[in-house]
Amino acid sequence: MASFKLHESNLLYLMLTRICTLFFLLILAATTFLSCSTESADDPFFLTHADTLVINQLQHPDVQEYFKSESAEYYRNALPLALENMMTLYNSGVKIAMGTDSGPPARFQGYFEHMEMEMMQDAGMDPLGILGSATRLAAQCMGIDNHLGTLEPGKKADFVVISDNPLEDIRNLRSIESVYIGANRLP
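Residues numbered from 1 in each chain as written. Predicted model: local features only at pLDDT ≥ 70, side-chain atom pairs only at ≥ 80, totals over all residues. Heavy atoms only, no water.

Enquirer: Outline the overall build of the protein, supporting the account with residue identities and numerical values.
Expert: When helices and strands are counted, the protein shows 10 helices and 5 strands. Taking all 187 residues of the protein together, 38% fall into the buried category. Partitioning the contacts of the protein with sequence separation of at least 6, the portion at a separation of at least 24 is 64%. Of the accessible surface of the protein, which amounts to about 10900 Å², a share of 56% is contributed by carbon and sulfur atoms. (Helix = DSSP H or I, 4+ residues; strand = E, 2+ residues; numbered from the N terminus. Buried < 20%, exposed > 50% of the residue type's maximum accessible area, 1.4 Å probe, protein only. Contact = heavy atoms within 4.5 Å. Areas by Shrake-Rupley, 256 points an atom, 1.4 Å probe, with all protein chains shown as cover.)

Enquirer: Explain the packing of aromatic side chains to me, using residue names and the numbers behind them.
Expert: In this structure the tally under the stated criterion is 4 aromatic pairs. Relative to Tyr111, the ring of Phe45 has its centre 6.4 Å away and its plane inclined at 40°; by these criteria the two rings are tilted. Linking Phe45 in helix α4 (residues 44-49) with Tyr111 in helix α8 (residues 111-123), this pair joins segments that are 66 residues apart in sequence. The exposure class of Phe45 is partly exposed, given its relative accessible area of 22%. (Phe/Tyr/Trp six-rings, centres within 6.5 Å; stacked < 30°, edge-to-face > 60°.)

Enquirer: Give me the packing of α8 against helix α9 (residues 127-134): which residues, what numbers.
Expert: Orientation of α8 relative to α9, taken along the N-to-C sense of each, is 145°, at an axis distance of 10 Å. The hand of the α8/α9 crossing is right-handed. Contacts between α8 and α9 involve Met117, Met120 and Gln121 from the first element and Pro127, Ile130, Ser133 and Ala134 from the second. (Axes fitted to C-alpha atoms, helices over the stretch in contact; angles between N-to-C directions. Left-handed = near helix turned anticlockwise from the far one by under 90°.)

Enquirer: Describe in detail the packing of helix α7 (residues 70-92) against α8, supporting the description with residues and values.
Expert: At a minimum axis distance of 10 Å, the contact between α7 and α8 shows a crossing angle of 70°. On the basis of the axis angle, α7 is roughly perpendicular to α8. Listed contacts from α8 to Leu79, Leu83, Met86 and Met87 of α7 are Met119, Met120 and Ala123. (Parallel < 35°, antiparallel > 145°, perpendicular 65-115°, else oblique.)

Enquirer: Could you give an account of the side chain of Lys155, with specific residues and numbers?
Expert: Note on placement: Lys155 falls in the loop between α10 (136-142) and β3 (159-162). What makes Lys155 buried here is its relative accessible area of 18%. Here Asp145 takes part through its backbone oxygen, which lies 2.8 Å from a polar atom of the side chain of Lys155. Reaching out from Lys155, the side chain makes a polar contact with the side chain of Glu152 at a distance of 3.1 Å. Not counting the four nearest positions on each side in its chain, Lys155 is found in contact with Asp145, Asn146, His147, Leu148 and Thr150. (Polar contact = N/O pair within 3.5 Å; in protein donor to acceptor, adjacent residues only side chain to side chain.)

Enquirer: Please give an account of α9 that cites residues and values.
Expert: Within α9, the full set of buried residues consists of Pro127, Gly129, Ile130, Gly132 and Ser133. Buried residues along α9 sit in contact with α7, β2 (95-98), α8 and α10.

Enquirer: Which residues make up α7, and what values do they have?
Expert: Between the first and last C-alpha of α7 there are 33 Å, a value that for 23 residues agrees with the 33 Å anticipated at 1.5 Å per step. The largest bend along α7 reaches roughly 35° and is located at Leu79, with the proline Pro80 sitting one to four residues downstream. Among the residues making up α7, those that are buried are Ala72, Tyr75, Ala78, Leu79, Leu81, Ala82, Leu83, Asn85, Met86, Met87, Thr88 and Leu89. Remark: Gly93 follows α7 within two positions and exhibits a positive phi of approximately 100°. (Expected span 1.5 Å × (residues − 1). Bend = angle between axes of the 7 residues up to and from the residue.)

Enquirer: Quick one: what's the story with the environment of Met125, residue by residue and with numbers?
Expert: By secondary structure assignment, the location of Met125 is in the loop between α8 and α9. With a relative accessible area of 2%, Met125 lands in the buried category. For the pair Met125 and Tyr90, spaced 35 residues apart in sequence, the C-alpha to C-alpha distance is 7.7 Å. Other than its neighbours up to four places away in sequence, Met125 contacts Met86, Met87, Tyr90, Ile96, Met120, Ile130 and Ser133.

Enquirer: Mind laying out the pattern of salt bridges, listing which residues take part and the relevant values?
Expert: Going through the model one piece at a time under the given rule, you end up with 5 salt bridges. Note that Glu118 and Arg174 form a salt bridge whose closest N and O atoms lie 2.8 Å from each other. In this pair, Glu118 sits in helix α8 while Arg174 sits in the loop between β3 and β4 (176-181), placing the two residues 56 residues apart along the sequence. According to the relative accessible area criterion, Glu118 is buried, its value standing at 10%. According to the relative accessible area criterion, Arg174 is partly exposed, its value standing at 24%. Taking the shortest distance from any N to any O, the salt bridge between Asp169 and Arg171 comes out at 3.7 Å. The exposure class of Arg171 is partly exposed, given its relative accessible area of 30%. (Salt bridge = Lys/Arg side-chain N within 4 Å of Asp/Glu carboxyl O.)

So this is what it looks like as structure tokens:
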């Protein structure tokens, strides 16, 4: 597989001259191969909701061997370029919508979204841009922004109450106090 570095390319020009929102999925694909690191295995935020059966399966020697394979190495090596390309697009004005394919086993729903937003910040995206990417722009991209994506009258009120300010550091989104879906607090 070849890697492609964005700069002043025709693709970038086309994205800017059309109304384009990009779901940036390569970041999450790459994190799939990073999820078995000891960093995740020791993270209390991860361990709170991670399925221990899946974690144990990931620790199996055959699975660990796969994470050392050439295929996994490709994604590890592609990650810095993917982040650089994301920032080239973002800094050029292309709308970045956070996207995910988490949910299947070994793609830990919730944790990977936080990891992806943290990677976006580490790459240079500002927290306000990241929050917009994960909410308003994602809803616009999917064509559901008439009832989701922002908190305003007439829309579904899905939101998270947190104790720390994510505009100071996106990692503060981990300070979850409560979650509301359709304005109803989850237990």
